[in-house]
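Here are the chains, one letter per residue:
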Amino acid sequence: MRLIRCRLESMRRHRALEVSFAPGLTLIGGANESGKSSLVEAMHRTLFLRASATGAAVRDLRSATHAGHPQVEIDFDAAGHRWSLLKCFSGAGGTCRLSRAGQQVLLGGDAEDQLAALLGVEEIIGSRQVNRVLPTRWAHLWVMQGLAGRNLLDLSAEHYDLKGLITALEGQAEQSLQSPIDQQVFNQLEQLVASSLTSRGVKQNSELWKRRQEVQQASDRQSEAHERLLSYETACSELDANEQALDQLDSQAPNLQRKRRQLLALKDLQQQLAPLSLQRTQWQQQFSALSRLVQEMTAAETAMKSLRQQLKVMNESAQTISSALLDQRQACQQLECKRQALEERGHALRRRQDQERLEQRIQNLRLQEEQRVKFEHQQSLLRQQLTALPGRDPADLSSLKAQQSQLRELDIRLQSMASKVELQCSDRTVRVDGEPLGPGDVVQKTGAFRLQVGEGVSLLVSPGEGTGLPSLQAERTRSQALLEQNLKHWGVDSIEAAEAQLQMRAELQQQLAVLDARLRQLMEQQQSNLKGDQDLDHLEQQLAELRHHQLDPEIAAEDDLTRALNHCRIAYQTVQERIRSRRADYERAERDQKGAVGKLQDLQIRLERHEAQHVQQHQQRQEIESRHGSANSINVELKKVTRQCELLQNQLLALRHDCGIASGADVEASLAELDDQELRLNRLRTELNRERGSLLERCESLGSRELHAELEEACTRLALAQQAEAQETLVVDSRVLLLRRFQQARADLSRRYSSPLRASINRFIAPFLQQPGDSSELCLDASDGLKDLRLQRSGQSLEFSQLSGGLKEQLNAAVRLAIAEALRHGHDGCLPLLFDDAFTNSDPSRLEAVGSMLRLAVDQGLQVVILSCDPDPYRAIADSVIDL
């Protein structure tokens with residue numbers, strides 16, 4: 001099949017569009033949103049979707065800007081003829097028209113059926129199959145936008161016409177995948193296995209299922225017979241056990257009555273022991289309290305004695321701390337007096353130092369004032385000298401030098417125009433400007449001169465062809481006059497004198513600048529010496545005030561004030577440090593005194609507390625002795641009561657031993673437990689009697705049948721059912737094994753069967769392989785189809801998912817081209833492949849290899865249509881180019 005032409009009307013953005021396809025490679029280019037994908041979808045749905053279809057698949061084709069229903073006309077070659085297909089998608093009333101030369105036009109369903117036969121599909125699909133079937137139609141030939149990187153072989157076999165591919169590859173394989181008889185046997189095996197087994201297990205109502213149901217029923221009957229026999233035997237055993245239990249209950253009644261009498265006697269002894277135990281506890285408490293009071297009083301007396309000794313020691317320590325604190329206070333006062341004396345001496349030394357510095361400062365100010373007056377006088381003299389000199393600058397001097405240079409250039413030019421006249425020989429008299437010239441004489445002349453030879457010849461000689469000399473002479477005269485005039489303005493007669501005058505002016509200006517700088521520096525020093533608004537009079541007033549203070553004769557006689565101040569400062573710091581140390585010691589001693597006072601008060605409080613406790617304990621002892629007697633009398637009464645309690649306890653222990661009751665157990669609880677036990681025995685006797693009646697009834701009921709014969713018959717039937725089930729299972733397993741062996745044999749053949757397709761893929765993808773050993777890999781199964789597409793590259797076997805985005809597109813394209821090449825013989829030797837922006841991830845260097853691969857497909861007889869928003873890389877290989 002080969003596409004010839006396609007015409008669209010009222011299709012999305014296209015009002016009317018007609019495209020003609022080249023037999024080889026057609027390139028359709030256009031920017032995004034120019035309608036390329038609309039053209040592809042319109043052609044695809046026209047070929048595979050009924051014109052009467054409804055729903056989203058048809059609504060999606062309609063135009064929002066152009067009136068009318070979508071209409072598509074496609075011309076194509078198929079089955080040795082040229083066909084014209086016209087479809088109008090107008091919902092349920094859509095029309096389909098298929099025609100060719102020399103045949104009656106087909107309409108409606110006839111046209112759809114003929115179109116399906118030409119395309120090699122089962123049927124043209126309707127609305128209900130759009131979402132499921134439409135994407136699978138020609139998915140191996142037409143690459144829709146955005147699906148170029150999807151692995152074609154991961155999809156179902158419906159996406160690449162597996163049956164047609166197997167038929168096409170049979171002629172190229174080394175041997176057929178299977179003969180018709182093999183296929184018939186395989187189908188029968190599949191039917192036999194399917195009649196017995198499903199994917200979830202044994203098929204219901206199959207022979208194997210029936211045999212297993214019979215086994216299950218026989219097993220259930222055998223289990224029921226066995227359970228009946230077992231139930232009879234169990235009932236007999238339980239009846240014997242029931243009678244034994246009743247006999248045991250009857251034997252336990254006398255023991256319970258004897259135990260009740262013993263528990264009542266034990267209860268009487270406990271009631272007699274209780275008041276004696278209480279009395280003994282009271283005597284023990286009084287004796288313990290009296291003993292504890294005696295011990296506490298003894299401990300309190302010992303503690304009071306220790307506290308009194310500690311108080312004595314603490315009082316002595318407090319007195320010692322107080323005397324030391326007084327001594328430290330006196331030492332601090334002495335050091336403070338010494339510090340004040342040193343501070344006053346330091347103030348006096350600083351005042352004398354300030355006085356000397358002020359005197360030196362006043363003296364410096366006076367010297368600076370004298371120097372300033374001297375500098376101002378020198379400055380005035382220099383300015384007078386500068387005023388007396390002419391006011392010229394280096395620019396004027398440069399102008400004079402330029403005029404002098406110009407005058408020199410004019411002299412040089414005049415000298416270059418001078419003439420040399422040499423008389424070598426003559427027989428006549430020769431004169432130059434009237435002067436005779438003899439043989440061998442040489443005359444140098446500038447400007448025009450007259451040459452006479454004899455009496456009749458007179459020549460006027462003008463250098464430079466007689467032109468320009470007067471102007472040069474006039475220009476030299478003007479330059480000479482201008483230079484003399486300017487020198488006169490300078491008051492000199494030469495350039496050298498003017499240079500000397502300008503240099504003298506520069507030296508005077510430099511001296512004046514130095515004086516100005518020194519004067520400014522001197523003024524700044526005066527300003528720095530006179531801080532703020534102070535002046536010399538103010539400083540002298542401060543000096544008079546300092547001299548007004550009388551100095552200590554020792555300080556006045558001090559020669560080195562700096563050293564004296566340093567010594568005073570060091571002594572002051574030493575005294576200050578000693579004062580701080582003394583104060584720290586004093587504060588520490590004060591804290592120690594406060595701590596000692598606190599401890600003393602704490603000891604006093606503890607002593608008072610012990611004395612109060614001792615008085616209280618003495619009163620408690622007197623109170624106990626007044627009520628219960630002394631400790632000896634209390635001990636005698638306690639021993640007497642203790643002997644009586646021990647006698648009763650011995651009787652209790654003997655009785656408990658006879659009753660089998662633990663020493664800590666409660667008699668009332670034992671009596672209650674005995675009541676519960678008797679109640680349980682009565683209930684148990686009632687239950688056993690009731691159970692005995694039911695067991696007798698069961699034994700009589702089951703004993704009326706032949707239970708052992710029934711069990712033997714059920715076992716025989718189960719063995720027969722199991723034998724039949726095993727035989728049927730063996731038959732089914734043999735069929736499954738045979739089918740599996742059949743499939744393995746077909747799989748072995750499929751590897752050789754897929755070799756032509758793999759070779760074709762390798763031929764198309766060869767431009768993208770790096771090494772000679774690189775190749776593609778895939779498997780072909782007659783039922784599952786193509787699968788496991790891989791690429792052997794650089795010694796590694798790469799899965800499709802491990803490839804880059806560009807290589808996925810290129811390998812997918814090679815697979816589609818190989819499948820189309822295998823299928824084309826069943827479609828008049830040609831199939832159209834369409835790529836809609838299918839190489840967007842391929843870099844520019846790979847696009848040339850893509851072009852070679854597509855060109856190879858065209859050379860093999862395939863038709864290729866490329867749609868791209870960047871058509872430039874494909875223009876060189878295209879047979880036809882269409883720009884939307």
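In case you missed it, the structure is sitting above this.
So, here's what we can say about the structure.

What counts as what
Within any chain, residue numbers begin from 1 and follow the written order of that chain's sequence. Predicted model: local features are reported for residues with pLDDT of at least 70 only, side-chain atom pairs are reported and counted for 80 or more only, and whole-chain, interface and lining totals are derived from all residues. Side-chain figures throughout are based on the complete set of non-hydrogen atoms in the structure, without hydrogens or water. Partly exposed residues are those whose accessible area sits between 20% and 50% of the maximum for their type, while under 20% is buried and over 50% is exposed, using a 1.4 Å probe and protein chains only. Runs of E in the DSSP output that reach at least two residues are strands. Runs of H or I that reach at least four are helices, and both are numbered from the N terminus. Regarding the arc, it is the one traced by the directions from the helix axis to the C-beta atoms. As used here, the term nonpolar core means buried Ala, Val, Leu, Ile, Met, Phe, Trp, Tyr and Cys residues forming a set that is joined through side-chain atoms within 4.5 Å. A contact between two residues is defined here by any heavy atoms of the two lying within 4.5 Å. In this analysis, rings of Phe, Tyr and Trp, with Trp reduced to its six-membered ring, are considered paired at centre separations within 6.5 Å, and the interplanar angle assigns stacked below 30 degrees, edge-to-face beyond 60, and tilted for intermediate values. The axes used here are C-alpha line fits, helices contributing only the stretch in contact, and every angle between their N-to-C directions lies in the interval 0 to 180 degrees. Orientation is classified from the angle alone, with under 35 degrees giving roughly parallel, over 145 giving roughly antiparallel, 65 to 115 giving roughly perpendicular, and any other angle giving oblique. Amino acids are sorted into nonpolar (Ala, Val, Leu, Ile, Met, Phe, Trp, Tyr, Cys and Pro), charged (Asp, Glu, Lys and Arg) and polar (every other residue, Gly among them). Any carboxyl oxygen of Asp or Glu within 4 Å of a side-chain nitrogen of Lys or Arg constitutes a salt bridge here. Any two strands with at least two DSSP bridges between them are considered paired. To estimate how far a helix should reach, multiply one less than its number of residues by 1.5 Å. The crossing is said to be left-handed when, going from far helix to near helix, the turn is anticlockwise and less than a right angle, and right-handed when the turn is clockwise. Patch definition: residues with relative accessible area over 30% and no salt bridge; like charges joined within 9 Å; nonpolar side chains (Val, Leu, Ile, Met, Phe, Trp, Tyr) joined within 5 Å. For every accessible area listed, the method is Shrake-Rupley and the probe measures 1.4 Å; residues are considered covered only by the protein chains on display. This count recognises Lys and Arg as positive and Asp and Glu as negative, with His and chain-terminal groups excluded. Every charge is mapped to an atom, namely NZ of Lys, CZ of Arg, CG of Asp or CD of Glu.

1. So, helix α17 (residues 755–765)
Reasoning step 1: Restricting attention to buried positions, one finds in α17 the residues P756, L757, S760, I761, F764 and I765. Here the buried residues of α17 occupy an arc of 160° about the axis, which is enough to place them on one side.

2. Let's talk about the nonpolar core
Reasoning step 1: Within the largest apolar cluster, 104 residues are counted, with the highest numbers of intra-cluster contacts made by F76 and F835.
Reasoning step 2: Sort the elements by how many residues they give to this core and helix α18 (residues 805–823) lands first, with eleven residues.
Reasoning step 3: In this structure F835 touches V143, A813, L817, L854, V864, V865, I866 and L867, once residues within four positions along its chain are discounted.
Reasoning step 4: Grouped together as the second largest cluster of nonpolar side chains are eleven residues, L276, L638, C645 and L648 included.

3. A look at the packing of aromatic side chains
Reasoning step 1: Per the counting criterion, the structure on display carries three aromatic pairs.
Reasoning step 2: With centroids separated by 5.2 Å and ring planes inclined at 75°, the aromatic side chains of F48 and W138 adopt a geometry described as edge-to-face. Of this pair, F48 sits in helix α1 (residues 36–48) while W138 sits in the loop between α4 (130–133) and β8 (142–143), placing them 90 residues apart in sequence.
Reasoning step 3: Where F835 meets F839, the ring centres are 5.6 Å apart and the plane angle is 35°; that geometry is what we call tilted. Across the pair, F839 and F835 agree in class, each one buried.
Reasoning step 4: Through pairs of rings, three or more aromatic residues link up here, namely F48, W138 and W142.

4. Some points on the packing of α18 against helix α19 (residues 844–859)
Reasoning step 1: Contact geometry for α18 and α19: axes closest at 11 Å, N-to-C directions at 5°. Here α18 is positioned roughly parallel relative to α19, judged by the angle of their axes. Counting all contacts with α18, which are made through L807, Q810, A813, A814 and L817, the residues of α19 involved are R846, V850, M853, L854 and A857.
Reasoning step 2: For the contact of α18 with α19, a count of residues per class yields eight nonpolar, one polar and one charged.

5. Brief notes about the pattern of salt bridges
Reasoning step 1: Applying the stated criterion to the full structure yields 27 salt bridges.
Reasoning step 2: Linking E713 and R717 is a salt bridge whose minimum nitrogen-to-oxygen distance equals 2.8 Å. A residue pair is termed a helical-turn pair when its members lie 3 or 4 positions apart in one helix, as E713 and R717 do in helix α16 (residues 707–753) at four residues.
Reasoning step 3: One salt bridge connects R855 with D879, and the closest N-O pair in it is separated by 3.2 Å. Remark: D879 occurs in the loop between β21 (863–868) and β22 (880–883) and R855 occurs in helix α19; sequence separation between them is 24 residues.
Reasoning step 4: A single salt-bridge network, built from bridges that share partners, covers R5, R7, E9, E18, E73 and D75.

6. Digging into the sheet that holds strand β15 (residues 449–453)
Reasoning step 1: Across the sheet, four strands lie side by side as β13-β12-β15-β16; this open sheet has antiparallel pairing. For this open sheet the edge positions go to β13 (435–437) and β16 (457–461), each flanked by a neighbour on one side alone. The sheet shows a mean angle of 25° between the axes of neighbouring strands, direction not considered.
Reasoning step 2: Relative to β16, β15 is paired through five bridges, and the arrangement is antiparallel. When the sheet's bridge partners are listed, Q452 is paired in β16 with S458.

7. Overview of helix α13 (residues 561–628)
Reasoning step 1: The terminal C-alpha atoms of α13 lie 98 Å apart, and with 68 residues this matches the ideal 100 Å at 1.5 Å per residue to within 8%.
Reasoning step 2: Two residues or fewer after α13 comes G629, characterised by a positive phi angle close to 95°.

8. Thoughts on the pairing of strand β4 (residues 71–78)
Reasoning step 1: As paired strands, strand β1 (residues 2–11) and β4 are joined by seven bridges and run antiparallel to one another. Within β4, the position partnered with R2 by the bridge is D77.
Reasoning step 2: Two strands pair when backbone bridges link them, and β4 and strand β5 (residues 81–88) are joined in this way by eight bridges, in the antiparallel orientation. Along β5, the bridge assignment pairs E73 with L86.
Reasoning step 3: As consecutive antiparallel partners, β4 and β5 are separated by two residues, and within that stretch A79 has a phi angle of approximately 55°, a positive value.

9. Observations regarding the environment of L119
Reasoning step 1: You can see L119 is positioned in helix α3 (residues 108–119).
Reasoning step 2: Along the backbone, L119 and L831 are 712 residues apart, and their C-alpha atoms lie at a distance of 10.0 Å.
Reasoning step 3: Excluding its chain neighbours within four sequence positions, the residues that come into contact with L119 are M1, L47, F48, I124, W138 and H827.

10. Points about the sheet that holds strand β20 (residues 832–836)
Reasoning step 1: Ordered by their spatial adjacency, five strands build an open sheet running β8-β20-β21-β3-β22, and the pairing between neighbours is parallel. Single-partner strands in this sheet number two, and they are β8 and β22.
Reasoning step 2: Two strands pair when backbone bridges link them, and strand β3 (residues 25–29) and β22 are joined in this way by four bridges, in the parallel orientation. In the sheet register, L27 faces β22, and the bridge partner there is V881.
Reasoning step 3: Here α19 sits on the sheet and contacts β3, β20 and β21; the angle it forms with β21, its principal contact strand, is near 150°.

11. Examining the packing of α17 against α18
Reasoning step 1: At their nearest, the axes of α17 and α18 sit 8 Å apart, and the two run at 130° to each other. Considering their axes alone, α17 and α18 lie oblique with respect to each other. Relative to α18, α17 is oriented so that their crossing is right-handed. Together, L757, S760, I761, R763, F764 and I765 of α17 and L811, A814, V815, L817, A818, I819 and E821 of α18 make up the contact between the two elements.

12. What about a negative patch on the surface?
Reasoning step 1: A cluster of acidic residues, D110, D113, E122, E123 and E158, forms a negative patch at the surface.
Reasoning step 2: Among the structural elements, E123 can be located in the loop between α3 and α4.
Reasoning step 3: Relative accessible area serves as the criterion here: at 33%, E123 is assigned to the partly exposed category.

13. Remarks on unusual backbone geometry
Reasoning step 1: Its identity as a non-glycine residue notwithstanding, S10 has a phi of 55°, on the positive side.
Reasoning step 2: Its place among the elements puts S10 in strand β1.
Reasoning step 3: Since its relative accessible area comes to 9%, S10 is described here as buried.
Reasoning step 4: Positive phi outside glycine occurs at N205, with the angle close to 70°.
Reasoning step 5: Here N205 lies in the loop between β10 (201–202) and α7 (207–388).
Reasoning step 6: Residue classification places N205 among the exposed positions, given a relative accessible area of 52%.

Honestly, it's all geometry; don't read function into it.
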